[in-house]
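Architecture at a glance
Given next are the chains, with one letter for each unit.
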Amino acid sequence: MTRQELLAHIPLFESLTPQDIDTLSKRLEEIDYADGAVIFKQGDEGSSLFIIDDGAVEISYGEGRGRIMLATLFNGQYFGELSLFDGSPRSATATASKISRLIR
C-alpha cells in the first residue's frame, strides 16, 4: 500500500483532497522501532501523529504495578493525534510490541 493509500484510509484525513493527501504524504518519515522500544512516554510533549505501516504498538497508562494496557494497535491504525489537537502532553505511553515501522 502506498503512503497516499494509507492516508486515504484513515478517517482523520477523509476530508482531504487527493492533492492534499499527496502533499501530506511527502512530509512523512518512516521510523523503525525494535520490539519493546518506547515511542513516547505519558507526559512527553507531543507534536506528531504516528501511523503503523508494519508491526504493533501497545498504548498504556501509568507505570509499574499500576500500569493499565489501553489498546494494542496494528497495521493501518494511528495514534498520538490527541496532543496535536489540544497541545497537551501525551496522555499515555506508546511501546512497540514487536519490530515495527511507523510513519510520522
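Counting from 1, residues in each chain are numbered in the order their sequence is written. For this predicted model, a pLDDT threshold of at least 70 governs which residues receive local features, and a threshold of 80 or more governs which side-chain atom pairs are given and counted, while totals over whole chains, interfaces and linings are taken from all residues. Heavy atoms throughout the structure, all of them, feed into the side-chain values; hydrogens and water do not.

**Digging into the packing of aromatic side chains**
Think of it this way: a Phe, Tyr or Trp ring, Trp meaning its six-membered ring, pairs with another when their centres are within 6.5 Å, and the plane angle makes it stacked under 30 degrees, edge-to-face over 60, tilted otherwise. According to the stated counting rule, one finds three aromatic pairs in the structure shown. Geometrically, the ring pair formed by Phe40 and Phe79 is tilted, given 5.9 Å between the ring centres and 40° between the ring planes. Of this pair, Phe40 sits in strand β2 (residues 38–40) while Phe79 sits in strand β6 (residues 78–79), and the two are 39 residues apart along the sequence. Aromatic pair Phe50 and Phe79: ring centres 5.4 Å apart, planes at 10°, arrangement stacked. Linking Phe50 in strand β3 (residues 50–54) with Phe79 in strand β6, this pair joins segments that are 29 residues apart in sequence. Residues Phe50 and Phe79 agree in their burial class; the two are buried. An aromatic cluster of at least three residues, connected via ring pairs, comprises Phe40, Phe50 and Phe79. We call a charge positioned above a ring when the Lys NZ or Arg CZ atom is no farther than 6 Å from the ring centre and deviates by at most 35 degrees from the ring normal. Between the NZ or CZ atom of Arg90 and the centre of the ring of Phe40, over which it lies, the distance is 4.0 Å. Helix and strand labels come from DSSP, where a helix needs a run of H or I of at least four residues and a strand needs a run of E of at least two; each type is numbered from the N terminus. Summary of the burial criterion: residues with accessible area below 20% of their type's maximum are buried, those above 50% are exposed, and those between are partly exposed, where the area comes from a 1.4 Å probe applied to protein chains only.

**Considering the nonpolar core**
In this description, a nonpolar core means a group of buried Ala, Val, Leu, Ile, Met, Phe, Trp, Tyr and Cys residues linked to one another through side-chain atoms lying within 4.5 Å. Residues Ile39, Val57, Phe79 and Leu102 are the most contacted members of the largest nonpolar core, which totals 14 residues. Contributing elements (two or more residues each) for this core: β1 (30–33), β2, β3, β4 (56–61) and β7 (93–96). Should any heavy atoms of two residues lie within 4.5 Å, those residues are considered in contact. In this structure, Leu102 is in contact with Glu29, Glu30, Ile31, Tyr33, Ile39, Phe50, Ile51, Ile52, Asp53, Val57 and Phe79, ignoring residues within four places of it in sequence. Grouped together as the second largest cluster of nonpolar side chains are nine residues, Phe13, Leu28, Leu49 and Ile51 included.

**A closer look at the pairing of β4**
Note: two strands are recorded as paired if DSSP finds a minimum of 2 bridges between them. Where β4 and strand β5 (residues 68–74) come together, six bridges link them in antiparallel fashion. Within β5, the residue paired with Ser60 across the bridge is Met69. Where β4 folds back onto β5 in an antiparallel hairpin, the turn is made up of six residues, including Gly62, whose phi is positive at roughly 85°. Sheet analysis places β4 next to β7, joined by four bridges and oriented antiparallel. Across the sheet, residue Glu58 finds its bridge partner in β7, namely Thr95.

From the geometry alone we can't say anything about function, so treat these as descriptive.
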